[in-house]
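# Remarks on the overall topology
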Amino acid sequence: MTRQLGTRSKRVLIALTAALAWGTARVPAHAQAASDTVVIRDATILTASHGRIEQGSILVRDGKIAAVGPSVDTPGGATVIDGSGLFVTPGLIDCHSHMAIDGGVNEGSISVSSMAGTDDVLDPTTVEIYRAAAGGVTTANILHGSANAIGGTNAVIKLRWGKDAEGIRFEGAPPGIKFALGENPKRSNSSLQPGTERRYPATRMGVIDVVREAFTDAVEYQAKWRRYEAGDTAGVPPARDLKLEPLVEVLEGKRLVHAHSYRSDEILQLLRLAEEIGFKIATLQHVLEGYKVADEIAAHGAGASTFSDWWAYKVEAFDAIPYNAALMTERGVVVSINSDSAEEVRHLNQEAAKAMRFGGLSEEQALQLVTLNPARQLQVDERVGSIDVGKDADLVLWKNHPLSVYAVAQKVFIDGQLYFDREEDLARRAALEKEKQELLAKEKARREPDDKKKAPRVPTVETTRRARPRWEQQP
Amino acid sequence: MMKSWTARPQLVTMGVVLIALATSVMIRASQVEPRVASEVEPTTYAIQGARIVTLAGRPIERGTVVISDGRIAAVGADAPIPTGAEVIEAEGLQVYPGLFDAISSLGLTEIGAVAATNDETELGDFNPQLLAAQAVHPASEHIPVARASGLTHALSVPGIGESSLVPGQASAIHLAGWTIEEMLLSRTAALVVNWPTYRLTSSGPPNFSRRSRSFAEAKKEHDEKIRQLSEWLDQARHYGAAVEKGSRDRISPDRKLEALVPVTRGELPVLVNADRVREIKEAVDFCEKQKLRMILAGGADAYKLTDLLASKKIPVVLGPIQALPSSEDEPYDIRYTTPAVLHKAGVLFALGTFNSSDSRTLPYEIGNAVSYGLPWEAALAAITKAPAEIFGVADTVGTVEVGKLGNIIVTDGDPLEIQTVVKYLFVNGRLTALDNRHLRLYEQYRARPKPATK
């Protein structure tokens with residue numbers, strides 16, 4: 001009986017928390033309803049593509065950047081934002097994220113899980129989205145985990161907090177897939193549960209073998225379809241193979257490979273394998289030893305998406321250096337800095353700044369690590385990544401220089417709409433606290449007679465926006 | 001091969017006749033490398049022309065710091081430069097107290113995923129006799145990396161945040177030295193206690209999957225742990241009293257109790273790791289009843305208990321500022337604002353990374369709190385002066401004052417900013433190398449010739 005009550009109260013509490021979180025962070029209605037024309041005036045603009053405009057203005061119309069320069073026209077009815085003393089950057093882009101995934105990020109039971117994908121399980125309600133947006137992030141690459149040599153497919157999203165799963169998708173972004181090399185697919189660091197057997201592969205040889213084997217199958221599968229399309233099979237199509245289809249897309253250059261990798265030798269092996277089979281690695285993810293084979297990475301044309309300064313958490317991260325991003329940049333690699341974390345994503349701007357301290361990148365080069373370069377890596381740079389006319393109006397207004405520890409995001413626009421406003425957030429806190437206390441009091445009052453009767457009741461609080469407590473996230 | 005760190009010695013032109021007699025040399029940070037054994041290490045340094053932020057009174061806009069025989073010998077606008085001093089021309093640079101990571105695992109771990117390199121947490125629930133200093137690895141690659149960010153000393157803490165109730169004692173260590181004996185700042189700085197939490201999930205046989213359990217079950221375990229802690233302390237009091245009465249030969253020695261005696265007498269503080277309101281309150285209440293000197297570690301919810309912490313004068317060592325709120329409905333910036341809230345309430349607080357490889361981010365972590373209301377000086381104090389006060393080493397480190405140990409840094413800017421470079425770093429009055437594994441790998445691979453194209 002107690003247990004039943006406990007479960008019920010827990011559910012109600014979850015619903016309460018969810019309702020409150022929703023309230024805390026939901027984009028204020030009036031911001032959404034505001035004029036579609038916005039002018040940010042007299043700010044220091046870091047364009048990420050053509051330097052800095054000291055006292056510049058940006059005109060946003062219909063979700064796009066309509067003009068940028070020392071001065072722009074202010075059409076009648078435009079919302080004018082005084083940016084004096086503030087900085088503007090493009091919205092930041094995180095090229096490696098696992099936010100907004102409902103449930104586990106790894107389909108770890110098999111070594112090739114290309115039939116599964118994060119796109120099927122996007123959770124647009126997680127507060128992680130709002131918190132990331134509050135750090136100036138507007139686009140993220142939602143990747144499958146790294147337990148498999150060939151992992152699941154990805155989803156590129158815009159952090160349109162408040163929209164549904166369809167509404168947060170980055171429409172038109174090329175699809176991708178996760179690969180993983182080294183300790184994770186070998187499962188070197190995961191403890192086996194009693195009674196379970198180890199899974200192939202358990203060595204770097206095996207990891208490369210799994211990739212080669214899968215692509216051998218994919219090439220054959222592709223050939224079957226070509227024969228069918230050429231009319232060689234008397235009109236009988238081959239059976240569809242959902243595991244191989246994404247790999248055929250890779251072969252056809254329609255799906256980007258994002259390959260989790262650490263050691264320089266495994267990086268090189270993958271590049272050579274891809275070259276042998278005939279496809280490209282779009283990005284090497286983590287790529288902590290990328291600096292050792294930067295020329296080879298540049299020659300292949302792969303991008304590199306790395307951490308700023310994490311190291312020593314496992315053997316393959318022991319040669320990680322904070323100079324990695326700068327050194328690879330110097331050798332001609334398109335480099336981004338990613339978060340891989342719901343926390344780190346909130347200060348990608350500061351992570352980028354570390355490449356100035358370690359390796360001497362310029363202000364613009366550093367900013368590009370979290371804007372234009374990840375946009376190029378995800379092949380969405382026609383749309384986002386810099387402050388240029390015609391691009392999406394994904395913009396961040398900062399107090400203090402964005403590459404400083406003192407930077408604070410003030411306003412974050414996605415497609416010209418305000419999705420985070422620090423002033424609004426601060427103004428709403430007292431009201432939300434009051435609402436929370438009232439809800440708690442109401443719940444308490446309602447629970448008391450319950451407790452006396454010792455009978456469970458169907459919760460009346462709406463539970464559709466279910467929060468995900470930590471214990472449910474465990475695989 | 002090692003080369004002399006004063007590779008390009010240069011006579012400094014001296015205006016003053018008196019000083020002209022001194023054979024002073026100018027040195028550059030990039031030349032600072034370990035000395036070969038045959039060289040005689042200077043014992044007196046004069047850092048000249050820098051802005052000095054002493055944290056003991058107002059900054060000196062342009063002055064000199066003299067370090068002699070390991071200690072700060074003079075600080076001032078016109079401090080004279082002693083004969084024979086090695087002079088560091090620091091025009092345009094800034095002097096600060098060396099940074100202090102108030103809770104770290106420096107020296108106790110090398111590679112997180114490799115158990116063989118980890119000495120942070122011993123088996124068993126109750127090990128007050130264990131001492132971090134006895135496992136600190138002076139050659140850890142993490143230590144020079146931390147130095148490059150301006151850290152000169154740290155608290156090396158066993159098992160904090162782990163399930164072990166009492167994982168051992170923390171030691172304050174200098175971040176340079178050939179042996180732990182040379183590195184010791186304070187052998188026993190605090191006894192670590194991980195305050196029991198209410199664990200509502202557990203895992204175990206038969207299938208090791210997580211299962212939730214009732215609050216009653218969780219509370220039972222929690223209460224039992226506190227009862228045990230209480231019992232140990234009672235026994236330690238009796239043990240201490242017996243030993244004091246000279247009856248030592250009649251009682252069998254117990255090293256666990258012996259380690260607890262200074263705690264029961266309030267001579268050694270307890271560093272209590274607790275985050276939630278309920279647990280912090282319990283810990284405060286417990287320590288008051290047991291007459292223990294409590295330092296709160298972690299303290300995610302400390303911002304809700306400022307009155308309690310201020311009135312009981314309980315100092316706090318906060319964890320990283322760059323951390324997520326602990327619940328979904330907390331403000332997104334709660335960790336950023338917490339230091340300012342504590343500061344305003346008059347709670348003495350420091351910042352710790354609770355980490356080893358990330359120890360180098362200490363100044364940036366606290367820097368993040370400045371835009372959320374924490375005065376810059378208070379931020380700097382949280383990683384220098386405040387932890388020195390909290391852990392009882394304020395007489396030797398924490399400020400740039402005459403008589404204190406020469407643990408100071410010379411930077412080219414604000415030490416809390418990412419882009420600032422530490423130009424010189426002194427530990428125990430010794431000019432210490434800023435070279436590290438990362439810099440070496442960078443230089444090695446930066447020099448890699450372009451591979452031949454096939």
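Model, not experiment: these values are computed from the prediction.

All names here are of chain B. The buried fraction of strand β17 (residues 422–427) amounts to five of the six residues, a majority that puts the element mostly inside the structure. Sheet analysis places strand β16 (residues 408–411) next to β17, joined by four bridges and oriented antiparallel. Paired with isoleucine 408 across the strands is phenylalanine 426, a residue of β17. Across two bridges, the pairing between β17 and strand β18 (residues 430–431) is antiparallel. Across the sheet, phenylalanine 426 pairs through a bridge with leucine 431, a residue of β18. Count of turn residues in the β17/β18 antiparallel hairpin: two residues, of which asparagine 428 carries a positive phi of about 55°.

All names here are of chain A. Read across the sheet, six strands follow the order β8-β10-β11-β12-β13-β14 without closing on themselves; strand pairing throughout is mixed. Single-partner strands in this sheet number two, and they are β8 (150–153) and β14 (335–337). When strand polarity is set aside, the average angle formed by the axes of neighbouring strands in this sheet is 25°. Where strand β11 (residues 256–261) meets strand β12 (residues 283–286), four bridges bridge the pair, whose relative direction is parallel. Following the sheet pairing, histidine 258 is matched in β12 by threonine 283.

Okay, the side chain of glutamine 350 of chain A next. Take glutamine 350 of chain A: it is sitting in helix α11 (residues 348–357). When its relative accessible area of 3% is taken as the criterion, glutamine 350 of chain A is described as buried. At a separation of 2.6 Å, a polar atom in the side chain of glutamine 350 of chain A contacts the side chain of asparagine 368 of chain B. Setting aside residues no more than four positions away along its own chain, glutamine 350 of chain A makes contact with Pro402, Ser404 and Val405 of chain A together with Gln322, Asn368 and Ile418 of chain B.

Another point: the interface of chain A and chain B. Residue-level contacts link 59 residues of chain A with 55 residues of chain B. Buried surface at the junction of chain A and chain B, both sides included, amounts to about 5200 Å², of which 54% is carbon and sulfur. Area buried by chain A at its contact with chain B is led by Trp311, Arg357 and Tyr406 of chain A, which between them contribute 15% of it. On the surface where chain A and chain B come into contact, there are eight salt bridges. We note a salt bridge from arginine 446 of chain B to glutamate 330 of chain A, for which the minimum N-O separation is 2.8 Å. Put simply, chain A and chain B have 30 residue pairs in polar contact (both at pLDDT 80 or more) between them. Of all the secondary structure elements, the ones that give two or more residues to the side of chain A that touches chain B are α1 (2–25), α3 (127–133), α9 (294–300), α10 (324–330), α11 and α14 (422–453) of chain A.

Take empty space enclosed by the protein next. In this structure the tally under the stated criterion is eight cavities of 30 Å³ or more. Roughly 140 Å³ of internal volume is contained in the largest cavity. The wall of the largest cavity is formed by 15 residues, among which Gly135, Arg346 and Ala407 of chain A together with Tyr336 and Tyr372 of chain B lie closest to the centre. Breaking the lining of the largest cavity down by element, the ones donating at least two residues are α11 and β16 (408–414) of chain A. Of the residues in the lining of the largest cavity, the class split is eight nonpolar, five polar and two charged. Considered as a void within the structure, the second largest cavity measures approximately 80 Å³ in volume. In terms of lining, the second largest cavity is formed by 13 residues, of which the most central are Ser149, Pro415, Glu417, Thr420 and Val422 of chain B. When contributions to the lining of the second largest cavity are tallied by element, the ones reaching two or more residues are α9 (362–370) and β16 of chain B. Split by residue class, the lining of the second largest cavity holds seven nonpolar, four polar and two charged.

Next up on the list: the pattern of salt bridges. Should their charged atoms come close, side chains of opposite charge can pair. One pass over the structure, following the stated rule, counts 59 salt bridges over all chains. Residue arginine 429 of chain A is joined to aspartate 425 of chain A by a salt bridge in which the shortest nitrogen-to-oxygen separation is 2.8 Å. Residue arginine 429 of chain A and its partner aspartate 425 of chain A are both found in helix α14; the two are separated by four residues, about one turn of the helix. Aspartate 425 of chain A gets classed as buried once you look at its relative accessible area, which sits at 4%. Salt-bridge contacts for glutamate 224 of chain B lead to arginine 227 of chain B; the nearest nitrogen and oxygen are separated by 2.8 Å. With glutamate 224 of chain B and arginine 227 of chain B both in helix α4 (residues 215–244) and three residues apart, this pair spans about one turn of that helix. Taking relative accessible area as the criterion, arginine 227 of chain B reaches 42% and is therefore assigned partly exposed. Ionic contacts of the salt-bridge type, sharing partners, join the residues Lys64, Lys158, Arg160, Glu171, Arg383, Asp392, Asp394 and Asp415 of chain A into one network.

What counts, and at which threshold
- Residues numbered from 1 in each chain as written.
- Chains lettered and ligands numbered in written order.
- Predicted model: local features only at pLDDT ≥ 70, side-chain atom pairs only at ≥ 80, totals over all residues.
- Heavy atoms only, no water.
- Buried < 20%, exposed > 50% of the residue type's maximum accessible area, 1.4 Å probe, protein only.
- Helix = DSSP H or I, 4+ residues; strand = E, 2+ residues; numbered from the N terminus.
- Pairing = 2+ DSSP bridges.
- Axes fitted to C-alpha atoms, helices over the stretch in contact; angles between N-to-C directions.
- Polar contact = N/O pair within 3.5 Å; in protein donor to acceptor, adjacent residues only side chain to side chain.
- Contact = heavy atoms within 4.5 Å.
- Buried area = accessible area lost by both parts, 1.4 Å probe.
- Salt bridge = Lys/Arg side-chain N within 4 Å of Asp/Glu carboxyl O.
- 1 Å grid on protein atoms, 1.4 Å probe; cavity = no way out; pocket = protein on both sides within 12 Å on 5 of 7 lines; lining within 4 Å.
- Points joined across faces, edges and corners; volume = space filled by probe spheres on them.
- Nonpolar A, V, L, I, M, F, W, Y, C, P; charged D, E, K, R; others polar.

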